[in-house]
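# Architecture and fold: a report
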Amino acid sequence: MPTSGKELKARVAELEETLRAIQMGEVDAVLVSSVKGDQVFTLQGAEHPYRLLVETIEEGAATLADDGTVLYSNKSFAGFFGVPLEKFIGAPLHNFVSGSDGEFLKTLILGAKLASTRGEIRLARRDGKPRTIRLTMSPNRELGLEAICAVATELTEIVDANEALRVTETSLRQLSARLLQLQDEERRRIARDLHDVTGQKIAVLSMCLDRLARVAEEHKPEVQESIKESRGIVSQIGEEIRTLSYILHPPLLDECGLASAVHWYAEGFEKRSGIKLEVVVDPHLPRLAVDAETTLFRVVQESLTNVHRYSGSAVAKIRVFKEGGEVRLEVIDQGQGIKAGKTRAKLDGPASLGVGIPGMRERMHQLGGGLSIDFGTNGTRVVATLPIKETGEGEAARGESETSLSFTMRAAQDARRRILIADDHELMRRGLRGLLESHDEWAVCGEAIEGREAVRKAEELEPDLVIMDVNLPGLSGIDAAQQIKKARQAAKILFFTVHDSDEVIREIVDVGAHGYVAKSRASQDLIEAVRSVLNGKTFFPSVVAAAAGRR
């Protein structure tokens, strides 16, 4: 049927509009109806906007055959592998990756046939530094063939930043542990200075005042009163110095070891906090290196502080024992535990500089051990472990130089009782000698300034009494007394020291000594103690009578 001119113009206008839409990219496909049915024809250039997007993004995009051959790749994807695009397309992707990363890439491709996979590979760069790429692959069956779509993302900067952060964190943790070690060393040095210098001078001053009081017996009452008041002040100063020295660094750690120090601290903690403590220490616990014993003791201090502050527990338990080749320390409470949040973050977070459980954990790690905390519903358990080193390492680590300096003075052959003084402080030996020799019935037959020298001179001179400090270099006073008693069971030993805790008294009693005098009470007790011991009696202050009774 012939078409009118008006209809023809309308058809032409429609075709022109269709052509314009095709030229402008507004049409992606054309549907054509024929005797064969409807057919869809994709117009060339319809995917141009999408192709342009893929070509310009920084992420790599590629299409792979199921054997890993590159069917399509944008410039970014090929650039990651450092291969020109014309050599990249048509080649197996794993050919451009070497070593274990190449094998890993084959595994990724094999897995991508079934489901989406993701993994990271390292690619070499010209500067020799590896480049980290994350590949995400997924199967695609919409192209009429088995294909794999791959997307590559650069992770090198993130990996480098994480590595730098890890190194920095490790350095900070090492610094924290080192600061803890330096803090302990400085506290030990200050404590020793207070004990070995200031404390000794205070004790000598007290003895000098005692001698002055005897000389001034016939003088005016106001002189006697002034001397008495001075002695009281000196006694207070000595007590304050001794307390400060103990707080800074317990002398029992060096002299008697971890077990005695823990018992001593537990007794004081019970009195201060009201929390009942059970202390169980392996009687066969060996001596450890000074750093190891100090660190374990600090764990006890910090753990008990947390029990007192946070747990609300009325009881706690300390266990120290050997387990295999390790020393194991446990502090257990029965409180509410440390709740998650700020308090627990302080314990589990990055190590604070110098204090706290995190710092202790790093210090334990530095010594080859570990520290863990179990926050249970019925309390908290702190567990610290350290390896036991070979016999002799602990003593060598103490770094105590053995000196052989000695000064021996033999008394005249007379009826006076002979006394050997063993103390490493010249002022103290001088003051002690002057106080003893002011009594005609005694004579100082010799002096020793270290433990082994005291043992040797006790054998050579056979004194009637050995007055010995607990703190002696080389061989401690306790160990020296053991050797003296082993060689001469009848030897009389009187300890004269600034340490007057119950633990020290127990050590003195157990070694078989006959008495104990605190240097802070030298002017009141020393003469009486020497006279009592030489007359076959014992001398222990009333505050430790219970300890002495266990002999």
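Residues numbered from 1 in each chain as written. Predicted model: local features only at pLDDT ≥ 70, side-chain atom pairs only at ≥ 80, totals over all residues. Heavy atoms only, no water.

## Looking at helix 15 (residues 451–461)
Because an α-helix completes one turn every 3.6 residues, residues spaced three or four positions apart along the sequence face the same direction. Within helix 15 the residues assigned to the buried category are Gly451, Glu453, Ala454, Val455, Lys457, Ala458 and Leu461. On the buried face of helix 15, the contacting elements are strand 13 (417–422), strand 14 (442–448), strand 15 (465–468) and helix 16 (477–487). Its side-chain oxygen placed 3.0 Å from the backbone nitrogen of arginine 452, glutamate 450 serves as the N-cap of helix 15. Backbone geometry just after helix 15 places glutamate 462 at a positive phi near 45°. (Buried < 20%, exposed > 50% of the residue type's maximum accessible area, 1.4 Å probe, protein only. Helix = DSSP H or I, 4+ residues; strand = E, 2+ residues; numbered from the N terminus. Contact = heavy atoms within 4.5 Å. Polar contact = N/O pair within 3.5 Å; in protein donor to acceptor, adjacent residues only side chain to side chain.)

## A short note on the sheet that holds strand 15
The 5 strands lie next to each other as 14-13-15-16-17, forming an open sheet whose pairing is parallel. Looking at strand neighbours, the two that pair on one side only are strand 14 and strand 17 (515–518), the edges of this open sheet. Shown here is a sheet whose adjacent strand axes are inclined to one another by a mean of 25°, direction ignored. Where strand 13 lies against strand 15, 4 bridges are found, and the strand directions are parallel. When the sheet's bridge partners are listed, leucine 420 is paired in strand 15 with valine 466. Of the strands in this sheet, strand 13, strand 14 and strand 15 are in contact with helix 15, which crosses strand 14 at around 140°. On the sheet, helix 16 packs against strand 15 and strand 16 (493–497) and is oriented at approximately 170° with respect to strand 16. (Pairing = 2+ DSSP bridges. Axes fitted to C-alpha atoms, helices over the stretch in contact; angles between N-to-C directions.)

## Focus: the sheet that holds strand 6 (residues 131–140)
Within the open sheet, the 5 strands sit side by side as 4-3-7-6-5. Their pairing is antiparallel. Looking along the sheet, the strands with just one partner apiece sit at the ends: strand 4 (70–73) and strand 5 (117–123). Direction aside, the axes of adjacent strands within the sheet are offset by 25° on average. Sheet analysis places strand 3 (residues 60–65) next to strand 4, joined by 3 bridges and oriented antiparallel. By the bridge assignment for strand 4, leucine 64 is matched with valine 70. Along the sheet face, helix 5 (residues 99–112) touches strand 5, strand 6 and strand 7 (147–154) and points at about 160° away from the line of strand 5.

## What to know about the packing of aromatic side chains
Aromatic rings in a pair are described by how distant their centres are and how their planes are angled relative to each other. Counted under the stated rule, the structure contains 7 aromatic pairs. Ring geometry for phenylalanine 81 against phenylalanine 88: centres 5.6 Å apart, planes inclined by 35°, an arrangement best described as tilted. Note on accessibility: phenylalanine 81 and phenylalanine 88 belong to one class, buried. For the ring pair phenylalanine 88 and phenylalanine 96, a centre distance of 5.1 Å and an interplane angle of 40° mean the geometry is tilted. Here the aromatic residues Phe77, Phe81, Phe88 and Phe96 are joined through ring pairs into a cluster of three or more. We note arginine 272 situated over the ring of tyrosine 265; from NZ or CZ to the ring centre the distance is 5.3 Å. (Phe/Tyr/Trp six-rings, centres within 6.5 Å; stacked < 30°, edge-to-face > 60°. Lys NZ or Arg CZ within 6 Å of the ring centre and 35° of its normal.)

## Observations concerning the packing of helix 16 against helix 17 (residues 502–511)
Close contact between helix 16 and helix 17 brings their axes to 9 Å; oriented N to C, the two are set at 15°. In this view, helix 16 runs roughly parallel relative to helix 17, as classed from their interaxial angle. Our pair here, helix 16 against helix 17, has a crossing hand that is right-handed. Of helix 17, the residues touching helix 16 (which contributes Ile478, Ala481, Gln482 and Lys485) are Glu507, Ile508 and Val511. For the contact of helix 16 with helix 17, the class distribution of residues is 4 nonpolar, 1 polar and 2 charged. (Parallel < 35°, antiparallel > 145°, perpendicular 65-115°, else oblique. Left-handed = near helix turned anticlockwise from the far one by under 90°. Nonpolar A, V, L, I, M, F, W, Y, C, P; charged D, E, K, R; others polar.)

## A word on the pattern of salt bridges
Under the criterion given, the structure shown has 18 salt bridges. Close ionic contact of arginine 122 with aspartate 101 constitutes a salt bridge, the shortest N to O distance being 3.6 Å. Remark: aspartate 101 occurs in helix 5 and arginine 122 occurs in strand 5; sequence separation between them is 21 residues. When the shortest N-O distance is used, the salt bridge between arginine 328 and glutamate 323 registers 3.7 Å. Overlapping salt bridges bring together Arg319, Glu323, Arg328, Glu330 and Arg381 as one network. (Salt bridge = Lys/Arg side-chain N within 4 Å of Asp/Glu carboxyl O.)

## Description of the packing of helix 9 (residues 258–273) against helix 17
The N-to-C vectors of helix 9 and helix 17 enclose an angle of 135°; their axes lie 8 Å apart at closest approach. In terms of their interaxial angle, helix 9 and helix 17 are classed as oblique. Counted together, Ser260, His263, Trp264 and Glu267 of helix 9 and Asp502, Glu503, Arg506 and Glu507 of helix 17 form the full contact between these two elements. Split by residue class, the contact of helix 9 with helix 17 holds 1 nonpolar, 2 polar and 5 charged.

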